[in-house]
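Given next are the chains, with one letter for each unit.
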Amino acid sequence: MDSETKIVMENGSESGTMMIWRNQDLFMNPFKMHYKTKVMLGEGSEVVDTEEQYAEERDGMVHTYSVTAGYVFADSYTTEEFIGEQALADLDLYLTKLQSAQTVGTEEINGVSATVVTGILDGKDMADSGEEWADIREGKVDADDSIKLWITEDGYVLRHEIDATALMNGMRSGADPEAEPVDDWSYGEYVEQMTYGDFNAVLDFEIQAEVLEAA
């Protein structure tokens, strides 16, 4: 899966753009994942940071290894905890809780035709979907997100695009209109787009020995 997150941060009259690109290979039963992330300041600009992560399910646990700036950080989760945070779990939320849905056309993604659907995700539905939305669940943020889905004839999501600008700004300020700003910048745009592809065609991989030894 390929994903891109575009973040525009505004400070007074100035603004800057950060692009986060990620490519992720994912296996299920047993779960195994490998992704690489690149951070660029400005669209198409020089890469300023990279990260790589492996995850592997063994003995009912998912063991993760994050490689950042030459260091390896290892951790372990129950299978339910880790897989529940992944993008595939979010798809159920996108497909079953979409409000004001409307078809806006068709588009081809990697040679496959898809119907393009737009709609709104209610903040409270998102709060019930996972721990990553804990701020909403606790009543700190009440913001809806607009979402765009590319869905195949068989009902598979080939791509999703979610505009989380209001949500991210709400989380920064605590959604309290009388509160003092945390600082003098805000998200001018916070948009994530993820494309799913190469189903049943991802090449197998092994966690590098030096990563396991360094953990």
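See the structure above.
Residues numbered from 1 in each chain as written. Predicted model: local features only at pLDDT ≥ 70, side-chain atom pairs only at ≥ 80, totals over all residues. Heavy atoms only, no water.

Enquirer: Help me out: how do you make sense of the overall build of the protein chain in this one?
Expert: When helices and strands are counted, the protein chain shows six helices and 11 strands. The 215 residues of the protein chain split such that 35% are buried. By element, 46% of the accessible surface of the protein chain is carried by carbon and sulfur atoms, the whole surface being about 12,600 Å². (Helix = DSSP H or I, 4+ residues; strand = E, 2+ residues; numbered from the N terminus. Buried < 20%, exposed > 50% of the residue type's maximum accessible area, 1.4 Å probe, protein only. Areas by Shrake-Rupley, 256 points an atom, 1.4 Å probe, with all protein chains shown as cover.)

Enquirer: Can you help me understand the nonpolar core in this one?
Expert: Nonpolar side chains tend toward joint burial in soluble globular proteins. Formed by 18 residues in total, the largest nonpolar core has its most connected members in F31, M33, A55, F82, L98, I147 and L149. Elements with a contribution of two residues or more to this core: β3 (32–41), β8 (112–121), β9 (145–151) and β10 (157–163). With three residues, β9 is the largest single contributor of residues to this core. (Core = buried A, V, L, I, M, F, W, Y, C linked by side-chain atoms within 4.5 Å.)

Enquirer: How should the pairing of strand β7 (residues 99–109) be read in this particular structure?
Expert: Successive residues of a regular strand alternate their side chains across the two faces of the sheet. In the sheet, β7 pairs with β8 via eight bridges, with the strands oriented antiparallel. When the bridges of β8 are listed, T106 appears paired with T115. Counting the residues between successive antiparallel strands, the hairpin from β7 to β8 contains two residues, one of them, N110, with a positive phi of roughly 50°. (Pairing = 2+ DSSP bridges.)

Enquirer: Even after reading the chapter, I still don't get the sheet that holds strand β11 (residues 185–195), so can you show me in this structure?
Expert: With antiparallel pairing, the 11 strands of this open sheet are ordered in space as β6-β5-β4-β3-β2-β1-β11-β10-β9-β8-β7. Where the open sheet ends on each side, the last strands, each with one partner, are β6 (71–78) and β7. Each neighbouring strand pair of the sheet contributes to a mean axis angle of 15°, computed without reference to strand direction. Strand direction decides the pairing type here: β9 and β10, joined by six bridges, are antiparallel. Paired with S146 across the strands is D163, a residue of β10. (Axes fitted to C-alpha atoms, helices over the stretch in contact; angles between N-to-C directions.)

Enquirer: What's the story with unusual backbone geometry in this structure? I'm lost.
Expert: Here N29 and P30 are connected by a cis peptide whose omega angle stands at 0°. Summarising the element assignment, P30 is placed in the loop between β2 (14–27) and β3. One non-glycine residue, N29, lies in the positive phi region at around 55°. By the secondary structure assignment, N29 is in the loop between β2 and β3.

Enquirer: When you look at the pairing of strand β5 (residues 61–68) in this model, what are you seeing that I'm missing?
Expert: Direction of pairing for strand β4 (residues 47–58) relative to β5: antiparallel, over a ladder of eight bridges. Its bridge partner being in β5, E56 is matched across the sheet by H63. Hairpin connection between β4 and β5: a loop of two residues separates the two successive antiparallel strands, and D59 in this loop has a positive phi of roughly 55°. As judged from the eight bridges shared by β5 and β6, these two strands associate in the antiparallel manner.

Worth remembering: the numbers are spatial, not functional.
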